[in-house]
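The lines below spell out each chain.
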There are 2 protein chains.
Amino acid sequence: MGKTKDAWSIDPEKSLRASTVGPIADFDPASKPGFDGDRKTGEKLLAEYGRDLSDLQERLFAEGRSGGSRSVLLVLQGMDTAGKGGIVRHVGGMMDPQGLTVRGFGKPTREELAHDFLWRIRTALPPAGKIGIFDRSHYEDVLPVRVHGLVPEAKWRGRYALINEFERELVAAGTTVIKCALVVSKAEQTKRLTKRLDRPDKYWKYDPSDIEERAHWDAYLAAYQDIFDLTDTAVAPWYVIPADSKWFSRLAIARLLRDTLDGLDLQWPPADFNVAEQQRLVAALED
Amino acid sequence: MGKTKDAWSIDPEKSLRASTVGPIADFDPASKPGFDGDRKTGEKLLAEYGRDLSDLQERLFAEGRSGGSRSVLLVLQGMDTAGKGGIVRHVGGMMDPQGLTVRGFGKPTREELAHDFLWRIRTALPPAGKIGIFDRSHYEDVLPVRVHGLVPEAKWRGRYALINEFERELVAAGTTVIKCALVVSKAEQTKRLTKRLDRPDKYWKYDPSDIEERAHWDAYLAAYQDIFDLTDTAVAPWYVIPADSKWFSRLAIARLLRDTLDGLDLQWPPADFNVAEQQRLVAALED
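Fair warning: this is a prediction, and the values are worked out from it, not measured in the lab.

Caption draft 1: How the structure looks around the interface of chain B and chain A. Listed per partner, the contact involves 45 residues of chain B and 45 residues of chain A. For the pair chain B and chain A, the summed buried surface comes to about 4,100 Å²; carbon and sulfur atoms form 64% of the total. At the boundary of chain B with chain A, the tally comes to four salt bridges. Ionic pairing is found between A:Arg89 and B:Asp96, a salt bridge with its closest N-O pair at 3.2 Å. Where chain B meets chain A, there are 16 residue pairs in polar contact (both at pLDDT 80 or more). Elements that contribute at least two residues to the side of chain B that touches chain A include exactly helix H2 (39-65), helix H3 (84-90), strand S2 (100-104), helix H8 (186-198), helix H9 (209-214) and helix H12 (275-283) of chain B. It is H8(B) that provides the largest number of residues to the side of chain B that touches chain A, a total of seven residues.

Below, the structure is given as structure tokens:
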């Protein structure tokens with residue numbers, strides 16, 4: 001792994017774990033739990049994590065091509081402007097697109113609504129050998145759906161257990177799951193919305209409904225708190241990512257992803273042919 | 001667009017167009033038609049094209065999110081070791097994974113074989129706003145399928161017209177199509193196969209059937225010649241990419257893709273809300 005003196009005094013798998021950060025309502029989105037470096041160190045480290053990620057991803061891809069069944073799923077959640085798209089671009093962008101699948105989940109379509117809420121999620125899971133990134137996920141069904149009362153309370157309350165069961169299955173089938181919730185402050189969100197309205201090349205990212213959603217801030221925090229309390233499991237952990245500094249959220253997620261892949265102990269697949277024999281055949285080829 | 005003095009004396013849209021490069025059997029995979037620079041210039045240019053591509057891709061993505069229906073499809077074909085995967089990694093890797101879909105087409109599954117040969121292709125097309133890369137494609141059905149006689153001649157002969165019709169439809173529906181065939185020499189292929197056998201971290205890329213395929217080299221060249229003669233159309237052009245130098249094949253394809261996107265005259269979508277009103281609302285938000 002990387003060479004820069006590690007500026008993490010506490011491993012982010014510990015310092016950012018949802019069960020350890022305390023109540024989300026008190027969480028500081030400008031904090032950097034466990035990290036003692038500055039932005040410059042962070043950017044240097046991010047580049048190192050990128051090289052590690054690229055190598056580990058190729059091993060996972062090779063394993064998938066050689067009959068392995070493992071894959072990795074990174075779930076991203078976060079309020080509007082928290083920077084989920086930036087994570088896909090800047091962390092996902094450090095990897096080979098061939099080994100990556102990215103899926104966004106917006107308002108469900110009619111077809112999706114005609115199915116159980118996990119149906120569209122199941123169809124989008126990364127195949128063996130790949131890293132999947134979900135930009136929003138099945139957790140939308142206990143976030144806006146809960147906050148806006150789109151289904152009866154008994155129904156959304158039942159979903160936490162269904163989600164845990166689904167994720168347990170997924171992990172048992174070979175997918176390693178990590179879940180990251182990006183948390184931005186109201187002040188930083190205001191700044192980012194203002195910027196979108198100042199620049200015509202950012203208008204397309206602006207959605208007037210973001211302001212309406214903001215009126216439900218506390219209800220969203222309560223919904224996130226329940227998610228952390230009920231679905232931060234040993235097999236599918238939740239991490240809380242402070243997102244007021246974009247560089248820090250990218251650094252933290254890259255590091256969590258790298259450590260997750262590193263933990264898979266990925267090996268280059270052995271040859272499933274006779275190497276010496278093939279070397280003789282290749283040496284005999286005529287140009 | 002980029003600032004480096006352009007080292008192309010002839011635009012690759014002309015110099016590499018299948019209809020202008022002459023018979024494929026006489027094509028030199030080490031040549032660099034239209035390009036007068038060296039590797040260093042090429043690498044500098046590639047980085048510039050990457051920045052352009054990233055900007056253009058974001059505009060296309062924004063358009064797709066704002067109701068546009070346009071998309072782009074890059075079809076990659078090429079013999080084993082020609083470097084298709086490297087194009088996905090190094091050219092695709094310069095773009096935002098969020099706006100990219102990558103699909104590989106291997107030996108058809110039973111389900112795929114139960115459908116018409118274009119079925120699996122249709123299900124994999126890039127949605128509005130995205131750039132799709134096909135690593136192999138519907139052209140496999142007139143390449144190995146033809147060379148190995150997997151379907152009767154009358155059947156594969158009929159496919160060129162079906163392909164042209166399919167691509168015409170696709171383009172009419174808003175997808176811009178460019179097709180690149182990577183051409184490697186026998187000598188370079190031998191080198192690359194040798195390298196795969198020398199390094200345990202490359203074994204997974206080695207497939208003994210690559211040597212068997214090589215015995216059909218001339219039949220493949222004839223199949224490619226028919227593809228160029230019959231399916232290099234104004235709406236879905238074929239480019240022949242010399243692939244003995246990896247840096248040059250990446251440079252050429254990045255440039256073709258950039259010019260293709262540039263030709264779409266992509267504009268940032270106008271605001272579909274009242275900007276001044278939203279600015280007032282955002283200014284009034286409490287933190």
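Caption draft 2: Here's a closer look at the packing of helix H13 (residues 275-283) of chain A against H8(B). The interhelical angle for the contact between H13(A) and H8(B), taken along N-to-C directions, is 165°, at an axis separation of 10 Å. It follows that H13(A) is roughly antiparallel to H8(B) by the angle criterion. Relative to H8(B), H13(A) is oriented so that their crossing is left-handed. Along its contact with H13(A), which presents A:Val275, A:Gln278, A:Gln279 and A:Val282, the element H8(B) presents B:Thr190, B:Leu193, B:Thr194, B:Leu197 and B:Asp198. In the contact of H13(A) with H8(B), the residues fall into four nonpolar, four polar and one charged.

Caption draft 3: The pattern of salt bridges, seen in detail. The full count for this structure, using the stated rule, is 44 salt bridges over all chains. Residues A:Arg136 and A:Asp80 are paired through a salt bridge, measuring 3.4 Å at the closest nitrogen-oxygen approach. A residue pair is termed long-range when its members are at least 10 positions apart, and A:Arg136 in the loop between strand S3 (131-135) and helix H7 (144-147) and A:Asp80 in the loop between strand S1 (71-78) and helix H4 (84-90) qualify at 56 residues. Judged by relative accessible area, A:Arg136 falls into the partly exposed class, the value being 23%. The partner of B:Arg255 in a salt bridge is B:Asp11, with the nearest N and O atoms 3.6 Å apart. In this pair, B:Arg255 sits in helix H11 (residues 246-262) while B:Asp11 sits in the segment before helix H1 (12-15), placing the two residues 244 residues apart along the sequence.

Caption draft 4: Local environment of the packing of aromatic side chains. Residues and elements named next belong to chain A. This model, assessed by the stated rule, comprises 24 aromatic pairs over all chains. Pairing Phe-105 with Phe-134 gives two aromatic rings, centres 4.9 Å apart and planes at 80°, and the pair type is edge-to-face. One end of the pair, Phe-105, is in the loop between strand S2 (100-104) and helix H5 (110-113); the other, Phe-134, is in strand S3, with 29 residues separating them in the sequence. For Phe-105, a relative accessible area of 3% gives the class buried.

Caption draft 5: Geometry of the UniProt feature "domain: Polyphosphate kinase-2-related" (unreviewed entry) in chain A. The sites that UniProt annotates as "domain: Polyphosphate kinase-2-related" (unreviewed entry) are residues 39-262 of chain A. Across residues 39-262 of chain A one finds 52% helix and 14% strand; the C-alpha atoms that close the span lie 24 Å apart.

Caption draft 6: Representation of the pairing of strand S3 (residues 131-135) of chain B in the model. Residue and element names in this part refer to chain B. In terms of burial, S3 is a largely internal element, five of the five residues being buried. With burial as the criterion, each face of S3 is covered, one bearing Ile-131, Ile-133 and Asp-135 and the other bearing Gly-132 and Phe-134. Examined bridge by bridge, strand S1 (residues 71-78) and S3 share five bridges and lie parallel to one another. Bridged to Leu-74 within S3 is Ile-133. As defined by bridge partners, S2 adjoins S3 across five bridges and the pair is classed as parallel. The residue bridging Gly-104 from the neighbouring strand is Asp-135, located in S3.

Caption draft 7: Molecular detail of the relation of the copies chain B and chain A. Once chain B is rotated about the relating axis by 180° and shifted along it by 0.0 Å, it coincides with chain A to within an RMSD of 0.0 Å. Here the symmetry operator amounts to a two-fold rotation axis. When the interface residues of chain B are mapped onto chain A, 100% of them again fall at the interface, so both copies present the same face.

Caption draft 8: Structural view of the pairing of strand S5 (residues 238-242) of chain A. Residues and elements named next belong to chain A. For S5, the buried fraction is high: five of the five residues fall into the buried class. Pairing of strand S4 (residues 175-183) with S5 involves five bridges; the strand directions are parallel. When the bridges of S5 are listed, Leu-182 appears paired with Ile-241.

Caption draft 9: Seen up close, H2(B). Taking 1.5 Å of rise per residue, the 27 residues of H2(B) would be expected to cover 39 Å, and the 38 Å separating its terminal C-alpha atoms lies within 8% of that figure. The first or second residue beyond H2(B) is B:Gly67, which carries a positive phi of 100°.

Caption draft 10: Broad picture of the packing of H2(B) against H11(B). All names here are of chain B. Taken N-terminus to C-terminus, the directions of H2 and H11 make an angle of 35°; their axes are 9 Å apart at the nearest point. Remark: the crossing between H2 and H11 carries left-handed chirality. Residues Arg-39, Gly-42, Glu-43, Leu-45, Leu-46, Tyr-49, Asp-52, Leu-53, Leu-56 and Leu-60 of H2 form the contact with H11, whose participating residues are Trp-247, Arg-250, Leu-251, Ala-254, Arg-255, Leu-257, Arg-258, Leu-261 and Asp-262. Tallied by class, residues from the contact of H2 with H11 come to 11 nonpolar, one polar and seven charged.

Caption draft 11: A look at the environment of A:Met94. All names here are of chain A. Tracing the backbone through its elements, the reader meets Met-94 in the loop between H4 and S2. Expressed as a C-alpha distance, the spacing of Met-94 and Leu-118, which sit 24 residues apart in the sequence, is 29 Å. For Met-94, the residues in contact, after removing those within four places along its chain, are Leu-46, Gly-50, Leu-53, Ser-54 and Ala-254.

Caption draft 12: Quick peek at unusual backbone geometry. Even without glycine at this site, A:Arg136 takes up a positive phi of about 70°. Unlike most non-glycine residues, B:Thr81 shows phi in positive territory, near 70°.

Conventions adopted
- Throughout this document, residue positions are counted from 1 along each chain, in the order its sequence is written.
- The lettering of chains begins at A and the numbering of ligands begins at 1, in the order of writing.
- Local features are withheld for residues below a pLDDT of 70 in this predicted model, meaning they are given only at 70 or higher, and side-chain atom pairs are given and counted only at 80 or more; totals for whole chains, interfaces and linings count all residues.
- Only heavy atoms go into the side-chain values, all of them from the structure, while hydrogens and water stay out.
- Contacts: residue pairs with any heavy atoms within 4.5 Å of one another.
- Buried area: the accessible area, evaluated with a 1.4 Å probe, that two parts lose upon being put together, summed over both parts.
- For this analysis, a salt bridge means a side-chain nitrogen from Lys or Arg found within 4 Å of a carboxyl oxygen belonging to Asp or Glu.
- Two N or O atoms count as a polar contact when they lie within 3.5 Å, although within protein this holds only if one can serve as hydrogen donor and the other as acceptor, and sequence-adjacent residues are included solely when both atoms are side-chain atoms.
- For the purposes of this entry, the term helix denotes a DSSP run of H or I that reaches at least four residues, the term strand denotes a run of E that reaches at least two, and both are numbered from the N terminus.
- Note on geometry: axes are lines fitted to C-alpha atoms, helical ones only across the stretch in contact, with angles between N-to-C directions running from 0 to 180 degrees.
- An angle below 35 degrees is treated as roughly parallel, one above 145 as roughly antiparallel, one from 65 to 115 as roughly perpendicular, and anything else as oblique.
- Handedness of each helix crossing follows the sense of rotation of the near helix against the far helix: counterclockwise by less than a right angle gives left-handed, clockwise gives right-handed.
- Following the grouping adopted for this structure description, the nonpolar residues are Ala, Val, Leu, Ile, Met, Phe, Trp, Tyr, Cys and Pro, the charged ones are Asp, Glu, Lys and Arg, and the polar ones are all others, Gly among them.
- Relative accessibility thresholds used throughout: buried, under 20% of the residue-type maximum; exposed, over 50%; partly exposed, between the two (1.4 Å probe, protein chains only).
- Working definition: rings of Phe, Tyr and Trp (its six-membered ring) pair if their centres are within 6.5 Å, and the pair is stacked with planes under 30 degrees apart, edge-to-face with planes over 60 apart, and tilted otherwise.
- UniProt positions are given in the numbering used here, feature names are shortened, and annotations may be inferred rather than shown by experiment.
- Strand pairing is defined by DSSP finding a minimum of two bridges between the two strands.
- Each copy is superposed on the other by least squares, with the fit set by C-alpha atoms of residues at a pLDDT of at least 70 in both.
- Under the convention used throughout, the expected extent of a helix is 1.5 Å for every residue step, that is, one less than its residue count.

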